[in-house]
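Descriptive structure summary
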Amino acid sequence: MRVLLFTGKGGVGKTTAAAATATLAAKRGLKTLVVSTDTAHSLADALAATASEQPVEAAPGLFLQQVDTQKSLERHWGELRDYIRNLFGELGLDEITSEEITVLPGAEEILALLELREQARTGTWDVIVVDCAPTAETLRLLALPEAFDWHVSRLLPVGRRVLRAISPVVRHVARVSAPGAEVVSAGERLHRALLEIRELLTGDLASVRLVLTPEAVVVAEARRTLTSLSLYGYRVDAVIANRVFPAEGADEWRKGWVEAQARQLAEVHESFAPLPVRLVPYLPAEPVGPAALAEVAETLYGDADPFARPDVEPPLRLSADELVLALPLADKSDVDLARKGDELIVTAGPHRRVIALPIALARRDVASAALRDGFLRVRFEAGGAK
């Protein structure tokens, strides 16, 4: 099963690119599901279809799903939600307020990932296309499974013991309920589900496609996004430049845009090489509906197979004495490395990743670290971890 994620700065046309790719997959005979992690759902509008919480056929072989936050919340972590709601009730909040406050910020995006996992486990689909939120939200979301794992792995065993000891005290002194075993179990299920999501999205058949428009601000953000996605272990296999003005027949006003875009496209080709850069021209009308989207996809991919296994190495590679992490376009001044026990903490700009070292490397000291040609190479030597 091929998994394709589309992201980019808000307003660059990532939903159109995702919907067009999904339409092409179905047209080529692949059973396709397209979903969105963006709270501003517009996939149904792009496909001129009616969305549903369950996959509905928007075109032959193409199914659309829009997550129902409340129902998905009940299914995936009802115990957690109920505990928080009851706790607020004990504190005197009315039912409507407690219902609203338990739909936490970011919950909808997480629930969309959990639904993606459920669909992937069915084995129904040949291709799953994910229309992600704008880049900042997507990066936070994709970093969540590993970060959540780090905290849960350290806190949950201790938390279980503490909860057993203090629950009677909390009930007696604070007059509120402490979370029971079923609530902790719900947290553990969420933990396992997020790890499965990460495994799915960083696997050999998953990749991200960056959508941009040839404008300086947008290109600069796309460059940073490529670095951050690689930091978190996600493959990027293509760049899509949308709304490119055709040079033919340009008047004076459009000629200025053509020249400005040409300069930005040259930078895109240079910056993102060897990734393919695929162009979508500025269309005379908004592509809405499967027929119009299929035309966009034919222009976008031509004779290429956009559903083949991604020809991109995983960003993180480990050997007996070396860790190599791809950080394309990263500047040395923005990269920092720290060692804490059996973990490496890598910072690239505003983003940080904690990498748990395998036993063979955890027992060694860091001998050297260098960022060259877009790769952070950390070499280890015999010795105890410092």
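Predicted, not measured: the structure shown is a model, and the values here were computed from it. (Residues numbered from 1 in each chain as written. Predicted model: local features only at pLDDT ≥ 70, side-chain atom pairs only at ≥ 80, totals over all residues. Heavy atoms only, no water.)

**Thoughts on the overall build of the protein**
- Along its length, the protein carries eleven helices and 15 strands.
- Taking all 386 residues of the protein together, the buried fraction comes to 45%.
- The contacts in the protein between residues at least 6 apart in sequence include a share of 72% that link residues at least 24 apart.
- For the protein, the computed accessible surface area is about 18,600 Å², with 55% contributed by carbon and sulfur atoms. (Helix = DSSP H or I, 4+ residues; strand = E, 2+ residues; numbered from the N terminus. Buried < 20%, exposed > 50% of the residue type's maximum accessible area, 1.4 Å probe, protein only. Contact = heavy atoms within 4.5 Å. Areas by Shrake-Rupley, 256 points an atom, 1.4 Å probe, with all protein chains shown as cover.)

**Re the packing of helix 1 (residues 14–27) against helix 10 (residues 290–301)**
- Contact geometry for helix 1 and helix 10: axes closest at 8 Å, N-to-C directions at 90 degrees. Taken as axis vectors, helix 1 and helix 10 run roughly perpendicular relative to one another. Here Thr16, Ala19, Ala20, Thr21, Thr23, Leu24 and Lys27 of helix 1 lie close against helix 10, whose contacting residues are Pro290, Leu293, Ala294, Val296, Ala297, Glu298, Leu300 and Tyr301.
- Classifying every residue of the contact of helix 1 with helix 10 gives ten nonpolar, three polar and two charged. (Axes fitted to C-alpha atoms, helices over the stretch in contact; angles between N-to-C directions. Parallel < 35°, antiparallel > 145°, perpendicular 65-115°, else oblique. Nonpolar A, V, L, I, M, F, W, Y, C, P; charged D, E, K, R; others polar.)

**Some details on the sheet that holds strand 10 (residues 322–326)**
- Here four strands make up an open sheet; going across it, the order is 9-10-15-14 and the pairing antiparallel. Of all strands in the sheet, those bounded by a partner on one side alone are strand 9 (316–318) and strand 14 (365–372). The average angle at which neighbouring strand axes cross in this sheet is 15 degrees, direction not considered. (Pairing = 2+ DSSP bridges.)

**A look at unusual backbone geometry**
- For the bond running from alanine 273 to proline 274, omega is 10 degrees, close enough to zero to count as cis.
- For alanine 48, which is not a glycine, the phi torsion comes out positive at approximately 55 degrees.
- Along the chain, the position of alanine 48 falls in the loop between helix 2 (43–47) and strand 3 (56–59).
- Alanine 48 gets classed as exposed once you look at its relative accessible area, which sits at 56%.

**Observations regarding the nonpolar core**
- Grouped together as the largest cluster of nonpolar side chains are 92 residues, with contacts concentrated most on Phe6 and Leu201.
- If you tally residues by element for this core, the top one is helix 1, at eight residues.
- Residues contacting leucine 201, with those up to four places away along its chain left out, are Val3, Leu5, Leu113, Leu116, Leu142, Ala206 and Tyr234. (Core = buried A, V, L, I, M, F, W, Y, C linked by side-chain atoms within 4.5 Å.)

**Observations regarding the confidence of the model for the protein**
- Summary statistics for the protein give a mean pLDDT of 83 and a share of 78% for residues scoring 70 or more.
- Per-element confidence in the protein is highest for strand 6 (residues 206–212), whose mean pLDDT is 97, and lowest for helix 4 (residues 95–101), whose mean pLDDT is 49.
- Low confidence marks residues 169–176, where pLDDT is under 50. Its contacts with residues over four positions away, or in another chain, come to eleven contacts. (pLDDT = per-residue confidence, 0-100.)

**A closer look at the sheet that holds strand 11 (residues 335–340)**
- An order of 11-12-13 is seen for the three strands of this open sheet, with the pairing classed as antiparallel. In the strand order of this sheet, the two ends are held by strand 11 and strand 13 (351–356), each with one partner. Ignoring which end each strand starts from, the neighbouring axes of this sheet average 15 degrees apart.
- Bridging between strand 12 (residues 343–348) and strand 13 involves six bridges; their strand directions are antiparallel. Within strand 13, the residue paired with threonine 347 across the bridge is arginine 352.
- Running at roughly 20 degrees to strand 13, helix 8 (residues 216–231) makes contact with strand 12 and strand 13 of the sheet.

**Considerations on the packing of aromatic side chains**
- Tallied over the entire structure, the rule returns five aromatic pairs.
- Ring plane angle 90 degrees and centroid distance 6.2 Å describe the contact between phenylalanine 245 and tryptophan 253, whose orientation is recorded as edge-to-face.
- Its relative accessible area of 15% is what places phenylalanine 245 among the buried residues.
- Here phenylalanine 245 and tryptophan 257 contribute two aromatic rings whose centre-to-centre distance is 5.8 Å and whose plane-to-plane angle is 40 degrees, an arrangement assigned as tilted. (Phe/Tyr/Trp six-rings, centres within 6.5 Å; stacked < 30°, edge-to-face > 60°.)

**Section: the packing of helix 8 against helix 9 (residues 252–272)**
- Look at helix 8 against helix 9: their axes get within 10 Å of each other, and the N-to-C directions meet at 10 degrees. Taken as axis vectors, helix 8 and helix 9 run roughly parallel relative to one another. On helix 9, the residues touching Ala216, Val219, Ala222, Arg223 and Leu226 of helix 8 are Gln264, Glu267, Val268, Ser271 and Phe272.
- Broken down by class, the residue content of the contact of helix 8 with helix 9 amounts to six nonpolar, two polar and two charged.

**Thoughts on the environment of glutamate 343**
- Position of glutamate 343 relative to the elements: it lies in strand 12.
- In the structure, glutamate 343 is positioned 13 residues away from alanine 356 in sequence and 4.6 Å away in space, judged by C-alpha atoms.

**Overview of helix 1**
- Between the first and last C-alpha of helix 1 there are 20 Å, a value that for 14 residues agrees with the 20 Å anticipated at 1.5 Å per step.
- Counting buried positions over the 14 residues of helix 1 gives twelve, a clear majority of the element.
- Lys14, Thr15, Ala17, Ala18, Ala19, Ala20, Thr21, Ala22, Thr23, Leu24, Ala25 and Ala26 are the residues of helix 1 that are buried.
- After helix 1 finishes, the residue glycine 29 shows a positive phi value of roughly 90 degrees. (Expected span 1.5 Å × (residues − 1).)

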